[in-house]
Amino acid sequence: MAQIKVFYEPETELLTIFWQSPRPNQIAKELGNDIILFKDGDTNEPIGIEVLSYRPGDDRISGISLELGQQNLVKT
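Criteria and thresholds
- Residues numbered from 1 in each chain as written.
- Predicted model: local features only at pLDDT ≥ 70, side-chain atom pairs only at ≥ 80, totals over all residues.
- Heavy atoms only, no water.
- Helix = DSSP H or I, 4+ residues; strand = E, 2+ residues; numbered from the N terminus.
- Buried < 20%, exposed > 50% of the residue type's maximum accessible area, 1.4 Å probe, protein only.
- Contact = heavy atoms within 4.5 Å.
- Patch = residues over 30% accessible without salt bridge, like charges linked within 9 Å, V, L, I, M, F, W, Y side chains within 5 Å.
- Areas by Shrake-Rupley, 256 points an atom, 1.4 Å probe, with all protein chains shown as cover.
- Salt bridge = Lys/Arg side-chain N within 4 Å of Asp/Glu carboxyl O.
- Pairing = 2+ DSSP bridges.

The name that an unreviewed UniProt entry assigns to the protein chain is DUF2283 domain-containing protein, with the source organism given as Laspinema palackyanum D2a.

A.B. asks: Give a description of the overall build of the protein chain that names residues and reports values.
C.D. replies: Assigned secondary structure in the protein chain consists of 0 helices and 7 strands. Put simply, the protein chain has 76 residues, and 24% of those count as buried.

A.B. asks: Can you explain the environment of phenylalanine 18? Please cite residues and give values.
C.D. replies: With respect to the helices, strands and loops of the structure, phenylalanine 18 is situated in strand β2 (residues 14-18). The exposure class of phenylalanine 18 is buried, given its relative accessible area of 7%. Separated by 31 residues in the primary sequence, phenylalanine 18 and isoleucine 49 place their C-alpha atoms 6.5 Å from one another. When neighbours within four sequence positions are excluded, phenylalanine 18 is seen to be in contact with Gln3, Ile4, Lys5, Phe7, Gln26, Phe38, Ile47 and Gly48.

A.B. asks: For the environment of isoleucine 61, give the residues involved together with the corresponding values.
C.D. replies: The topology assignment puts isoleucine 61 in the loop between β5 (46-52) and β6 (64-68). A C-alpha to C-alpha distance of 9.2 Å links isoleucine 61 and valine 51, two positions 10 residues apart in sequence. Setting aside residues no more than four positions away along its own chain, isoleucine 61 makes contact with Leu15, Val51 and Tyr54.

A.B. asks: Lay out a nonpolar patch on the surface in plain terms, naming residues and giving numbers.
C.D. replies: A cluster of nonpolar side chains, namely Ile4, Val6 and Trp19, defines an oily patch on the protein surface of about 290 Å² accessible area. Mapped onto the secondary structure, valine 6 falls in strand β1 (residues 5-9).

A.B. asks: Explain the pairing of β2 to me, using residue names and the numbers behind them.
C.D. replies: Of all 5 residues making up β2, 5 are buried, and the element is well covered by its neighbours. On β2, burial covers both faces: Leu14, Thr16 and Phe18 on one face and Leu15 and Ile17 on the other are all buried. In this sheet, β2 lies alongside β1 in antiparallel orientation, the contact comprising 5 bridges. Note on β2: the bridge partner recorded for tyrosine 8 is leucine 15.

Spelled out as structure tokens, the structure:
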């Protein structure tokens with residue numbers, strides 16, 4: 001089962017999600033709408049995203065699905 005790391009800083013309204021480990025050689029690309037994509041600098045493989053000016057309920061993320069063992073939890 002894949003592991004993700006989610007960091008939320010309410011003071012700065014910054015949401016960061018990594019589905020792979022951050023890398024010293026990672027590069028960032030702005031996708032628009034205050035969303036930044038992180039990629040491995042060598043393979044160009046996506047490893048995470050960052051959402052600027054994020055607040056809970058933000059419509060840029062319409063739903064988050066979290067799987068824990070055999071149970072599925074969905075938050076919209």
